[in-house]
Amino acid sequence: MNELVTKGQKLLLVDDETAITDNLAPFLRRSGFEVEVAADGEEALDRVASFQPDVVILDVMMPKIDGREVLRRLRGEGNWTPIILLTQVGEATERAMALEEGADDYLNKPFDPHELVARIRAVLRRMRPGERPLATAAQLTCGELKLDRPRRRVWMGDDELTLTPKAFTLLEYMFTHPDEVLTRERLLDVVWGWDYPAGTRAVDTRVAELRRTLDDEPSEPRYIETVPGAGYRFVGIVDGDR
Amino acid sequence: MSRLKFIGFVFKVLLPLGLGIAGSVILERVIEENLFLHSWMKISTIPWLLGLLCSLGVIGSRRIRSWLKARDEKLKAEIQVGMVEERRRFLRRLDHEMKNPLTAIRAGLANMAESSRQETRSEALDSVNVQVLRLSNLVSDLRKLADLETRQLECISVDVAALLEETLTAAQDLPDASQRQITLTVPQAPWPLSHIAGDWDLLSLAVYNLLDNAVKFTESDDMIEVRAFEDGSSVEIEVAETGQGIPQEDLPHVFEELYRGENARVVPGSGLGLALVRAIVERHNGQVSVRSRAGQGTVFTIRLPVGDVTGLQQQVTDL
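Everything quoted here is computed from the prediction, not taken from an experiment.

**Section: the overall build of chain B**
- Looking only at helices and strands, chain B has seven helices and nine strands in total.
- For 319 residues, the compact-globule estimate of 2.2 N^0.38 gives 20 Å, and chain B exceeds it by more than 25% at 32 Å.
- Overall, chain B is about 115 × 60 × 40 Å in size when its C-alpha atoms are taken along their principal axes.
- Put simply, chain B has 319 residues, and 25% of those count as buried.
- Residue pairs at least 24 apart in sequence account for 69% of intrachain contacts in chain B once pairs closer than 6 positions are excluded.

Put into structure tokens, the structure is as follows:
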């Protein structure tokens with residue numbers, strides 16, 4: 001089924017490291033994508049115009065124009081082609097910045113290529129052509145629940161909720177990736193930037209904290225649903241100030 | 001010393017002496033009778049004696065200052081040499097850590113390229129995969145160490161007893177953990193353990209790493225005891241085991257990055273687990289230590305200050 005979803009979808013892979021593109025491009029082609037490769041930011045901007053990809057995989061650290069600048073320019077022109085950033089460091093600020101500047105998702109190097117394909121498919125499923133991704137909205141709402149991202153504050157109706165910084169980051173990521181099965185490992189990576197053995201339990205603890213604060217029943221979830229054996233999914237319908 | 005400074009110095013030495021002598025002469029003139037403070041000391045002796053003491057003080061403090069400065073410089077130079085040596089040692093160990101998996105990968109790839117037997121190829125592929133994961137773990141632990149230096153701690157009030165319980169449950173999933181007798185002892189009387197201020201997840205990682213080591217360096221039916229105490233100002237967490245012990249000469253080095261003691265060479269791991277423990281504990285203003293006896297076992301201790309949340313937050317914002 002997945003093969004059908006991605007059949008013929010156009011993908012632009014941008015990385016200056018040929019060792020990576022040489023191995024990754026064939027892998028992505030076998031996964032059903034039509035792949036083109038660009039080796040730096042300038043070439044990437046040209047290819048986006050000529051190839052018109054459905055999704056761009058963009059390395060951050062590149063000569064001439066780096067990935068972040070490519071992202072900024074595209075978004076500046078009002079081009080909302082889905083972009084997945086390949087980040088180098090696990091720093092939380094860098095990851096938050098990636099989403100704020102308009103990336104749809106990011107993945108830390110080194111990554112499992114299967115994970116990249118899973119992210120690409122999720123991003124393509126979420127995409128509404130020509131529209132800004134949720135990830136770039138400053139204010140997000142889901143029914144009564146409001147998220148003010150720049151101020152990092154949450155309201156339920158008129159009441160402000162108190163969340164720890166990590167719980168906020170977790171909720172923010174779920175909000176910007178609704179209706180997507182998010183594995184514990186992925187959430188761990190989002191909130192902590194690196195995984196550790198007891199970490200998946202830490203995710204459960206945080207989700208429980210979120211549910212308590214949001215008054216969300218796990219058996220009848222309005223917001224966070226447990227997907228047995230897989231992870232969590234944000235089931236609320238999210239709107240952003242787009 | 002410049003000429004101007006020298007003149008200043010001479011002036012500073014001579015001025016109190018001169019003033020003292022002048023004072024004595026004046027007193028001698030003003031007080032007609034010979035007033036004695038003591039059987040051997042005239043009142044008029046006091047000013048010049050004081051002046052002399054001041055002058056000697058000026059000379060002495062100068063000596064002490066230059067001595068202190070020299071010592072400081074020597075110390076700085078020693079630290080510099082130490083840092084250079086530490087960096088060299090780290091690179092040497094890193095080189096060593098990477099050499100082995102890379103050699104295995106190259107051999108595996110050669111097997112894959114040259115053998116036509118499907119079985120050999122898939123075996124080689126598996127082994128290459130394992131070695132790649134090993135390198136990934138090494139890189140990921142290195143990143144954690146670097147990240148820990150700058151990372152903002154999420155500072156909450158941590159219930160150590162609950163933290164130990166949670167971490168112990170997580171450690172039960174370790175391979176071989178079921179064959180160890182793992183126990184947890186936390187005081188309840190006369191009052192439960194104090195909370196400490198810190199980052200729950202990081203502290204849990206530190207304890208987990210100690211438990212991971214304890215399981216790795218023990219055998220079936222060995223005992224692992226996790227204990228916590230409090231002495232009013234700190235909470236102490238101990239992870240003790242009845243394993244093979246760490247040789248005395250290795251003990252001072254076990255918290256160093258990528259250090260592998262005699263017993264640790266054959267045990268898989270990134271070589272950064274204890275370095276991470278130390279980094280986490282030190283970010284919390286705590287200390288780590290280790291005691292061991294050959295053939296009897298080892299006990300690692302984490303000591304963390306009891307405290308409120310604000311203190312640590314202050315320190316974090318200062319960083």
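**Notes on helix α9 (residues 199–214) of chain A**
Residues and elements named next belong to chain A.
- With 16 residues, α9 extends 22 Å between its outermost C-alpha atoms, agreeing within 8% with the 22 Å of an ideal straight helix rising 1.5 Å per residue.
- Restricting attention to buried positions, one finds in α9 the residues Gly 199, Ala 202, Val 203, Arg 206, Val 207, Leu 210 and Leu 214. End-on, the buried residues of α9 take up no more than an arc of 140°, which puts them together on one face. Across from the buried face of α9, at angles greater than 90 degrees, the exposed residues are Ala 208 and Arg 212.
- Downstream of α9 by one or two residues, Asp 215 has phi in the positive range, about 55°.

**Some details on the pairing of strand β8 (residues 287–293) of chain B**
Residue and element names in this part refer to chain B.
- As defined by bridge partners, β8 adjoins strand β9 (residues 297–305) across seven bridges and the pair is classed as antiparallel. For Arg 293, the partnering residue across the bridge sits in β9 and is Gly 297.
- Joining the antiparallel neighbours β8 and β9 is a turn of three residues, in which Gly 295 adopts a positive phi near 80°.

**Let's talk about the interface of chain B and chain A**
- Counting residues at the interface gives 14 residues for chain B, matched by 14 residues for chain A.
- Elements represented by at least two residues in the side of chain B that touches chain A include exactly α3 (118–150), α4 (160–171) and α5 (200–216) of chain B.
- With five residues, the single largest contributor to the side of chain B that touches chain A is α3(B).
- For the side of chain B that touches chain A, the per-class residue count stands at four nonpolar, four polar and six charged.

**A few points about the domain arrangement of chain A**
- When cut into domains, chain A gives domain 1 (2–126) and domain 2 (137–240).
- For domain 1 of chain A versus domain 2 of chain A, the distance between C-alpha centres works out to 25 Å.

**So, the domain arrangement of chain B**
- Splitting chain B by domain gives domain 1 (3–78), domain 2 (88–150) and domain 3 (156–318).
- When each unit is reduced to the centre of its C-alpha atoms, the spacing between domain 1 of chain B and domain 3 of chain B is 58 Å.

**Topic: the sheet that holds strand β3 (residues 55–59) of chain A**
All names here are of chain A.
- Here we have five strands laid out as an open sheet, ordered β2-β1-β3-β4-β5, and parallel in their pairing. Only two strands of the sheet have a single neighbouring strand rather than two, namely β2 (34–38) and β5 (105–108). On average, adjacent strands in this sheet sit at an angle of 20° to one another, irrespective of strand direction.
- Inspection of the sheet shows β3 paired to strand β4 (residues 83–87) by four bridges, in the parallel sense. Paired with Asp 59 across the two strands is Leu 86, which belongs to β4.
- Contacts between helix α3 (residues 41–51) and the sheet are confined to β1 (10–14), β2 and β3, with β1 contributing the most and set at about 170° to the helix.

**Concerning helix α2 (residues 45–114) of chain B**
Residues and elements named next belong to chain B.
- In this model α2 runs 102 Å from its N-terminal to its C-terminal C-alpha over 70 residues, within 8% of the 104 Å that 1.5 Å per residue would give.
- Of all 70 residues making up α2, only four are buried, and the element is barely covered by its neighbours.
- Taken as a whole, α2 has its buried residues at Pro 47, Trp 48, Gly 51 and Gly 108.

**Digging into the sheet that holds strand β8 (residues 153–156) of chain A**
All names here are of chain A.
- One open sheet accounts for five strands, arranged β9-β8-β7-β6-β13; its pairing is antiparallel. Since the sheet does not close on itself, it has two edges, and those belong to β9 (159–161) and β13 (239–240), each with one partner.
- Pairing of strand β6 (residues 139–142) with strand β7 (residues 145–148) involves four bridges; the strand directions are antiparallel. Looking at the pairing, Gln 139 lines up with Asp 148 of β7.
- Here helix α7 (residues 165–176) sits on the sheet in contact with β6, β7 and β8, set at roughly 110° to β7.

Conventions and cut-offs
- Residues numbered from 1 in each chain as written.
- Chains lettered and ligands numbered in written order.
- Predicted model: local features only at pLDDT ≥ 70, side-chain atom pairs only at ≥ 80, totals over all residues.
- Helix = DSSP H or I, 4+ residues; strand = E, 2+ residues; numbered from the N terminus.
- Rg over C-alpha atoms; globule rule 2.2 N^0.38 Å.
- Buried ≥ 20, exposed ≤ 12 C-beta atoms within 10 Å, placed from the backbone.
- Contact = placed C-beta atoms within 7 Å.
- Expected span 1.5 Å × (residues − 1).
- Arc of directions from axis to C-beta.
- Pairing = 2+ DSSP bridges.
- Nonpolar A, V, L, I, M, F, W, Y, C, P; charged D, E, K, R; others polar.
- Domains from an automatic or database assignment.
- Axes fitted to C-alpha atoms, helices over the stretch in contact; angles between N-to-C directions.

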